[in-house]
Amino acid sequence: MEENMLRKLLLLSGLIVAPLVAGAADYKASLAQMPMYAESLDKGVLVDLVKAIADTSKKSIDVQVVPFSRSMKDVENKQADFHMPLIKPLDMSKANFSLSTATIFHVNFVLYTNKNKPLDPNNLAGASLETDAAHTPYFPFDIKPSTSIEGSLKKLELGRIDGFIFADDATDPLVKSNGLKNIKRQLYKRFEVKAILPKGGENGPADKFLSEAIGKLREGGKFEKIMAAIDHPYVD
């Protein structure tokens, strides 16, 4: 009775935690709760990936699906063995974590511009640009944070900013649903997405475990099938 009440409270608070297998696990995975990636313990591309990793490695993995910042902190505090996902940072010098050797998938960052004011993706310094607020560190030039993809796209449509850069999977649907006809798209960069490990964890047990398991999944073709929904070439 008390256990059921506790689980209900955790679900209501947005914290979803449960093991993929019963008993003590070999590894603990922390997944950021995000649409498509990990929506619940039973739904999401990364949930399917972790299940496949457990199956092919014959290792048990406890998994939790929690808000992004909580997931990161649990790895930094060594309460989880690895977190997914994180776009590989440009600068790791101040990071309180390490990156997996294996690349989990790639994400297409697209430059959206006004058709009447084209920009060169290779020469963006000085332009009035915006991106999602959490992703400003991924650019080597001045770019403003945005708290609304839709809002930034509408400003771009009206010519109030020069460009918006963000992941195509998150942005393209909003261009279409809002009927924005004055926007042009170009590939800015294809970023690597990694798992993160506790500080100093590169080449450690969890890192080698992930590399070996993902390698086996790639060899059998299963990795590409699982990741196809979120890892795809840029289509102009």
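Provided above is the structure to which this section pertains.
Residues numbered from 1 in each chain as written. Predicted model: local features only at pLDDT ≥ 70, side-chain atom pairs only at ≥ 80, totals over all residues. Heavy atoms only, no water.

### Comments concerning the overall build of the chain
(1) Moving on: Tallying secondary structure elements over the chain gives 7 helices and 9 strands in all.
(2) Moving on: Its C-alpha atoms give the chain a radius of gyration of 19 Å, within 12% of the compact-globule value 18 Å for 236 residues.
(3) Moving on: The dimensions of the chain, computed from C-alpha atoms along their principal axes, are 60 × 40 × 35 Å.
(4) Moving on: The buried share of the chain, taken over its 236 residues, is 47%.
(5) Moving on: Summarising the internal contacts of the chain: among those between residues at least 6 apart in sequence, 75% fall at separations of at least 24.
(6) Moving on: Of the accessible surface of the chain, which amounts to about 12300 Å², a share of 53% is contributed by carbon and sulfur atoms.
(7) Moving on: Counting 31 positive and 30 negative side-chain charges, the chain places the averaged centre of each group 2 Å from the other. (Helix = DSSP H or I, 4+ residues; strand = E, 2+ residues; numbered from the N terminus. Rg over C-alpha atoms; globule rule 2.2 N^0.38 Å. Buried < 20%, exposed > 50% of the residue type's maximum accessible area, 1.4 Å probe, protein only. Contact = heavy atoms within 4.5 Å. Areas by Shrake-Rupley, 256 points an atom, 1.4 Å probe, with all protein chains shown as cover. Lys, Arg positive; Asp, Glu negative; His and termini not counted. Charge placed at Lys NZ, Arg CZ, Asp CG, Glu CD.)

### Considering the layout of surface pockets
(1) Moving on: Estimated volume of the largest pocket: approximately 790 Å³.
(2) Moving on: Along the wall of the largest pocket there are 29 residues; nearest its centre are Met 34, Phe 68, Ile 87, His 135 and Phe 166.
(3) Moving on: Those elements that place two or more of their residues in the lining of the largest pocket are helix H3 (68-76), strand E4 (82-87), strand E5 (97-114), strand E8 (163-167) and helix H5 (168-177).
(4) Moving on: Broken down by element, the lining of the largest pocket gets its largest block of residues, 4 residues, from E5.
(5) Moving on: Here the lining of the largest pocket is composed, by residue class, of 25 nonpolar, 1 polar and 3 charged.
(6) Moving on: If you add up the space inside the second largest pocket, you get close to 180 Å³.
(7) Moving on: Forming the boundary of the second largest pocket are Tyr 112, Asp 172, Val 175, Lys 176, Leu 180, Lys 181, Ile 183, Lys 184, Arg 185 and Asp 236. (1 Å grid on protein atoms, 1.4 Å probe; cavity = no way out; pocket = protein on both sides within 12 Å on 5 of 7 lines; lining within 4 Å. Points joined across faces, edges and corners; volume = space filled by probe spheres on them. Nonpolar A, V, L, I, M, F, W, Y, C, P; charged D, E, K, R; others polar.)

### Details of the side chain of Asp 74
(1) Moving on: Inspection of the secondary structure puts Asp 74 in helix H3.
(2) Moving on: A relative accessible area of 4% means that Asp 74 is categorised as buried.
(3) Moving on: Here the side chain of Asp 74 touches Arg 70 through a polar contact of 2.8 Å, side chain to side chain.
(4) Moving on: If near-sequence neighbours (up to four positions away) are discounted, Asp 74 is found in contact with Gln 64, Gln 79 and Ala 80. (Polar contact = N/O pair within 3.5 Å; in protein donor to acceptor, adjacent residues only side chain to side chain.)

### Points about the pattern of salt bridges
(1) Moving on: Using the criterion set out here, one finds 10 salt bridges in the structure.
(2) Moving on: For Lys 155, the salt bridge goes to Glu 130, with nearest N and O atoms at 2.6 Å. You can see Lys 155 sitting in helix H4 (residues 149-157) and its partner Glu 130 sitting in strand E6 (residues 129-132), a full 25 residues away along the chain. (Salt bridge = Lys/Arg side-chain N within 4 Å of Asp/Glu carboxyl O.)

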